[in-house]
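# Geometric and topological summary
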Amino acid sequence: MSKESNSASPITAEEPALDEMGILITLRVVAVAMAGGLVGMVLMLPLLAGVPLALDLFQTESIVEFSSFGLYIGLEPSLTTGIVLFLLGGTTVLPLLFLVAGAFLPPEEPRYLRGATYATIFWIGFLFAFWPGGSVLTEALFVVISLVSHWIYGTTLGYVLHSAIGVPQHNV
C-alpha cells in the first residue's frame with residue numbers, strides 16, 4: 001500500500017505552478033523559448049561584439065571559419081553567413097536544447113538561472129571556436145567579455161521562459 005502526500009506548496013509569483021508531469025513542450029513553449037533566445041542575443045551582442053569592435057580586438061576570421069557550417073545547406077562561407085548562422089543558432093537551436101536540458105541543470109532555485117549554467121556549457125565551445133590569439137590582455141578580455149555575454153544570454157533565456165511558462169521539468 002503506497003502512501004501519497006497531498007501537501008501542496010504555496011504558489012508564489014516567482015515560480016509558476018507545474019503539474020507532476022512538468023510542462024509539455026508545445027508550439028507555444030517553443031515560441032516562448034525562441035523569443036527568449038532572441039532577446040538574449042539582442043542583450044548579449046553589444047557586449048560580445050560591441051566592446052571588441054570598440055577596442056579593435058575583433059577578428060572576423062573565426063566567424064568566417066564558423067560559417068563553413070553553411071556549406072551543409074548550400075551557403076558559401078562568408079562573414080555574413082557566419083553572423084546569420086550565429087544568430088539563428090542562438091534564437092532556434094540553443095533555446096530548443098535548453099527546453100530539454102534545462103530541467104537537469106543546477107541551481108534548484110531560482111530556476112531561471114539554469115539558463116546561465118546552460119550558457120556556460122556552450123561558452124566553453126565558444127572559447128575554442130572563436131579564440132582570438134594575441135596578447136595576454138586580448139585573451140583575458142576575450143574570456144571575461146565572452147563569459148559575461150553568455151551569462152547575459154542564458155539568464156535572459158531562462159528568465160523569459162521561466163516568467164512566461166516555467167522551466168520544463170522532465171520526470172525520468
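Residues numbered from 1 in each chain as written. Predicted model: local features only at pLDDT ≥ 70, side-chain atom pairs only at ≥ 80, totals over all residues. Heavy atoms only, no water.

### Things to note about the overall build of the protein chain
Keep this limit in mind: Helix and strand definitions follow DSSP, with helices as H or I runs of at least four residues and strands as E runs of at least two, each counted in order from the N terminus. Only protein chains enter the accessibility calculation, which uses a 1.4 Å probe; a residue whose area is less than 20% of its type maximum is buried, one above 50% is exposed, and one in between is partly exposed. Residues are treated as being in contact if the distance between any of their heavy atoms lies within 4.5 Å. Note on areas: Shrake-Rupley, 1.4 Å probe, and residue coverage restricted to the protein chains presented here.
If you tally the helices and strands in the protein chain, you get five helices and zero strands. If you list the helices and strands of the protein chain from N to C, you get α-α-α-α-α. Looking at the protein chain residue by residue over its 172 residues, the buried ones come to 34%. Sequence-distant contacts, at least 24 apart, represent 69% of the contacts inside the protein chain between residues at least 6 apart. For the protein chain, the exposed area adds up to about 10400 Å²; of that, 70% sits on carbon and sulfur atoms.

### A closer look at unusual backbone geometry
Residues apart from glycine generally show negative phi values, whereas peptide bonds are mostly found in trans. Backbone torsion omega between Pro106 and Pro107 reads 0°, so that peptide bond is classified as cis. Relative to the helices and strands, Pro107 is located in the loop between helix 3 (79-101) and helix 4 (114-130). A cis amide bond, omega -15°, links Glu109 with the succeeding residue Pro110. Relative to the assigned elements, Pro110 resides in the loop between helix 3 and helix 4.

### Remarks on the layout of surface pockets
Short version of the rule: Here a cavity is any set of points on a 1 Å grid over the protein atoms alone where a 1.4 Å probe fits but cannot get out, and a pocket is any open set with protein on both sides within 12 Å along at least 5 of 7 lines; a residue lines the site when it has an atom within 4 Å of a point. Grid points are joined across faces, edges and corners, and a volume is the space filled by probe spheres set on the points. Throughout this entry, Asp, Glu, Lys and Arg are counted as charged residues, while Ala, Val, Leu, Ile, Met, Phe, Trp, Tyr, Cys and Pro are counted as nonpolar. The remaining residues, Gly among them, count as polar.
Here the second largest pocket is characterised by a volume of approximately 370 Å³. When residues of the lining of the second largest pocket are assigned to their parent elements, the largest contribution, eight residues, is made by helix 3. By residue class, the composition of the lining of the second largest pocket is 16 nonpolar, five polar and no charged.

### Digging into the packing of aromatic side chains
Which entries qualify depends on this criterion: Centres within 6.5 Å are what make two rings of Phe, Tyr or Trp a pair, Trp counting through its six-membered ring; a difference in plane orientation under 30 degrees is then read as stacked, over 60 as edge-to-face, and the rest as tilted.
In this structure the tally under the stated criterion is eight aromatic pairs. Centroid distance Phe126 to Phe130: 4.7 Å. Interplanar angle 35°. Geometry classified as tilted. Of this pair, Phe126 and Phe130 both sit in helix 4, four residues apart, which is roughly one turn of the helix. A centroid spacing of 5.9 Å and a plane angle of 15° characterise the contact between Phe126 and Phe142, whose relative ring orientation is stacked. With Phe126 in helix 4 and Phe142 in helix 5 (residues 136-164), this pair connects stretches of sequence that are 16 residues apart. Phe142 gets classed as buried once you look at its relative accessible area, which sits at 14%.

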